[in-house]
Amino acid sequence: MALGDWLLMASERGNPHARIDDVRSDGTAWSFGNEVTPLVHGATYFADLADRIAAMGEGDRIYFVDWRGDPDEQLNDAGDTLVDVLVAALGRGVDVRGLLWRSHWRKFGFHSERAFELGKTLEAHGGECLRDMRVRTGGAHHQKFMVLRHRDDPTRDVAYVGGIDLCHSRRDDHGHGGDPQPLAIAPEYGPNPAWHDVQVAVRGPAVHDVETTFRERWEDDAPLTSNPGRRFTSWLQAEDQDPDPLGEQWPPPPPVAGATDVVQIARTYPPLLPVPHDFAPDGERSIALGNAKAMSNARRLVYVEDQYLWGPEVGAHFADALRDNPDLRLVIVLPVLPDLDGTVSRMTQWHARRAALDPIREAGGDRVVVFGLTNDDGLPIYVHSKVCIIDDRWASVGSDNLNRRSWSSDSEIACFVTDERTESLATDAPAPDDVFPLRLRRLLCAEHLGIEEDDVPDDPHELFDLLVDSATALDKWYAAGAGDQPHGIRRTVARVHGRRRRTPWSRRRGRDRAARAAADILERSTGLAQRPPGQLRLLTEPELTAPQRTIANLLTNVFDPDGTLGRRETLRGLTKVGRRAG
């Protein structure tokens, strides 16, 4: 199939004001000759990032964007922190610039003060990291990427794109014992939450596209915040609100020798009021458009990992493909339960998940399976990755979740990857063994199954059955140790009704209690039989009462706003499978 059948043309991006495609003159919106490397787990990403920054010197450039940045987050086992690594780079003459979401009030559990702290520290050493609040009301800057460019050797240039924030709780590894610097989430995840996430390292011409995404935001004429109260607070704190000019953008790095990855950078930006973005006055929804275009080609297997998977529009996106292709199978990996433990927030998130999964299951029946993950301690692993792989031909890794917020309301970035060698293949022909989408799918499935990558089946039917069998075996093993009472995942999913308000003290007790309960079940199960390999658990969603559904439905627009409201377009229209953008 032609690359234009999988990827958006420049005219299909829906944003004629974007500068990202100006480097190409043929109407395409992708680049050739890239090498894309999957970085699964925060520990893998952070260590690679720290090593590469440590090798940078005079005249090199670091540009980064994130939802959150914790200055004291340790990037490696040596204890080097984010701020240590960036300050050291400044001392060697590296130009360091960053944009972090300013976020909402910290009394609501947000983190704007950490961005302020990082910005002040970098400013004191000659860098610049600004807090950016150019978002819709209730929206967020959710992009997560880092660009490293080298003045004297562009072959070393790299861009990191994905779901991993530069903050606490992200530096977990394949053992899933959690980050030594945890953030508190729902007590059922225990005192040190296990965290599953994915980033990619991109080398080659596509680095220029990621850098352009940074430059568009940095050089935007819109003020960093239009809120008079926030502007006054920044003035009182002597906070820098005026981005200094960047140097002239260097040409794209050369193609990587022998590399065949084709990369497209897609984004989400909402239309802003009262002052719109210069580069996207009507917004951009190329992530939603690109997902719809790629999904129209799905025939055999779609593999998804996501933090949310919310809403009827997302459900219809996959349900359409399942109805149109009776041999298509869909594998979904989600968090066992939401990260928030309040009664209202958890109820609303369950409702949003069911709004997506109910039509998917109705359309696909037993061709659909939904998994959660558990670690060796019997505690759930929080799934924060944002991955979609279609027929081992196309993959998306980014900051974007499968929900209305990521497709229309928040700022997001995604890296679409295919391989130039697949363009000459028939639709039903297998992809070459070393294409990125296939390698990523094998890598993720190998971890979840507890087997070697070479042992992961490529046949969709065989893989689907193996995943289900693995989860069934692990479910039965845990059930044997739990007896007749609801246990593990079944117990946490059932705890929707009658939840009481938690204090910080009771939350700590809840986390410790969850760890003890998991350890007790683990001990009893181990005494009966050897633990089956893998992490997979079959997931179901709790039934909500009619009043709960009514309340949750009313709150959905707060948790998952639709950025197309009030516009001629609709999110359903943007993401309809089989639709051609334009």
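The present account deals with the structure reproduced in this document. (Residues numbered from 1 in each chain as written. Predicted model: local features only at pLDDT ≥ 70, side-chain atom pairs only at ≥ 80, totals over all residues. Heavy atoms only, no water.)

So, on to the overall build of the protein chain. Of regular secondary structure, the protein chain possesses 16 helices and 18 strands. Compactness check: the protein chain gives a C-alpha radius of gyration of 23 Å against a globular reference of 25 Å for 582 residues, within 12% of the reference. Along the three orthogonal principal directions, the C-alpha set of the protein chain runs to about 65 × 60 × 50 Å. The 582 residues of the protein chain split such that 61% are buried. Residue pairs at least 24 apart in sequence account for 81% of intrachain contacts in the protein chain once pairs closer than 6 positions are excluded. Carbon and sulfur atoms provide 52% of the accessible area of the protein chain, an area that totals close to 22000 Å². Taking the average place of the 71 positive charges on the side chains of the protein chain and the average place of its 91 negative ones, the gap between the two points comes to 7 Å. (Helix = DSSP H or I, 4+ residues; strand = E, 2+ residues; numbered from the N terminus. Rg over C-alpha atoms; globule rule 2.2 N^0.38 Å. Buried < 20%, exposed > 50% of the residue type's maximum accessible area, 1.4 Å probe, protein only. Contact = heavy atoms within 4.5 Å. Areas by Shrake-Rupley, 256 points an atom, 1.4 Å probe, with all protein chains shown as cover. Lys, Arg positive; Asp, Glu negative; His and termini not counted. Charge placed at Lys NZ, Arg CZ, Asp CG, Glu CD.)

Next up on the list: the pattern of salt bridges. Taken as a whole and assessed by the stated rule, the structure comprises 47 salt bridges. Linking Arg19 and Glu219 is a salt bridge whose minimum nitrogen-to-oxygen distance equals 3.1 Å. With a gap of 200 residues between them, Arg19 in the loop between α1 (3-6) and β1 (31-40) and Glu219 in the loop between α5 (206-218) and α6 (228-236) connect regions that are remote in the sequence. The partly exposed category is assigned to Arg19, whose relative accessible area is 32%. What makes Glu219 partly exposed here is its relative accessible area of 33%. The salt bridge partner of Arg404 is Glu313, with a shortest N-O separation of 3.9 Å. Residue Arg404 is located in helix α10 (residues 404-409), and its partner Glu313 is located in helix α8 (residues 312-324); the two are separated by 91 residues in the primary sequence. Both residues of the pair, Arg404 and Glu313, belong to the buried class. (Salt bridge = Lys/Arg side-chain N within 4 Å of Asp/Glu carboxyl O.)

This part covers the packing of helix α9 (residues 343-364) against helix α15 (residues 546-559). The geometry of α9 relative to α15 is characterised by a closest axis approach of 8 Å and an angle of 90° between their N-to-C directions. One element, α9, and the other, α15, form an angle in the roughly perpendicular class. Between α9 and α15, the residues in contact are Val344, Ser345, Met347, Thr348, Gln349 and His351 and Gln548, Arg549, Ile551, Ala552, Asn553, Leu555, Thr556 and Phe559, respectively. Per-class residue counts for the contact of α9 with α15 are 6 nonpolar, 7 polar and 1 charged. (Axes fitted to C-alpha atoms, helices over the stretch in contact; angles between N-to-C directions. Parallel < 35°, antiparallel > 145°, perpendicular 65-115°, else oblique. Nonpolar A, V, L, I, M, F, W, Y, C, P; charged D, E, K, R; others polar.)

Looking now at the environment of Asp391. Here Asp391 shows up in the loop between β15 (387-390) and β16 (394-398). Taking C-alpha positions, Asp391 is 6.2 Å from Val302, a pair spaced 89 residues apart along the chain. Here Asp391 is in contact with Asn297, Ala298, Arg299, Arg300 and Leu301, once residues within four sequence places are set aside.

What follows concerns helix α4 (residues 112-124). Look at α4: 19 Å from first C-alpha to last across 13 residues, which is about the 18 Å you get at 1.5 Å a residue. Listed as buried for α4 are Ser112, Arg114, Ala115, Phe116, Leu118, Gly119 and Leu122. Close packing links the buried residues of α4 with β2 (61-66), α3 (82-91), β3 (95-101) and β4 (128-132). Just beyond α4, the residue with positive phi is Gly126, at close to 100°. (Expected span 1.5 Å × (residues − 1).)

This part covers the environment of Glu412. Within the fold, Glu412 resides in strand β17 (residues 412-419). By relative accessible area, Glu412 is classed as buried at 0%. Between the alpha carbons of Glu412 and His141 there is a distance of 7.2 Å; along the sequence they are 271 residues apart. Not counting residues within four places of it along the chain, the set of residues in contact with Glu412 comprises His142, Gln143, Ala266, Arg267, Thr268, Ile287, Ser399, Asp400 and Ser406. A distance of 2.9 Å separates the side chain of Glu412 from the side chain of His142, its partner in a polar contact. (Polar contact = N/O pair within 3.5 Å; in protein donor to acceptor, adjacent residues only side chain to side chain.)

Glancing now at the packing of helix α11 (residues 436-449) against helix α12 (residues 460-482). Between α11 and α12, whose axes approach to 10 Å, the crossing angle comes to 25°. Judged by the angle between their axes, α11 and α12 are roughly parallel. Our pair here, α11 against α12, has a crossing hand that is left-handed. Together, Arg441, Cys445 and Leu449 of α11 and Leu463, Leu466, Leu467 and Ser470 of α12 make up the contact between the two elements. Across the contact of α11 with α12, the residue classes tally to 5 nonpolar, 1 polar and 1 charged. (Left-handed = near helix turned anticlockwise from the far one by under 90°.)

What follows deals with the side chain of Asp392. Note on placement: Asp392 falls in the loop between β15 and β16. The buried category is assigned to Asp392, whose relative accessible area is 11%. Looking at Asp392, its side chain comes within polar contact range of the side chain of Arg441, at 2.8 Å. Ignoring anything within four residues of it in the chain, the contact list for Asp392 reads Ala431, Val435, Pro437, Leu438 and Arg441.

A word on the packing of aromatic side chains. A full pass over the atoms with the stated rule returns 11 aromatic pairs. Ring geometry for Tyr63 against Phe214: centres 4.8 Å apart, planes inclined by 5°, an arrangement best described as stacked. With a gap of 151 residues between them, Tyr63 in strand β2 and Phe214 in helix α5 connect regions that are remote in the sequence. For the pair formed by Tyr63 and Phe214, the shared burial category is buried. (Phe/Tyr/Trp six-rings, centres within 6.5 Å; stacked < 30°, edge-to-face > 60°.)

This brings us to the state of the cysteines. Overall, the coordinates contain 0 disulfides when judged by the stated rule. Its sulfur unpaired, Cys167 is 13 Å from the next cysteine sulfur, which belongs to Cys129. Overall, Cys167 belongs to the buried group, its relative accessible area being 0%. (Disulfide = S-S within 2.5 Å.)

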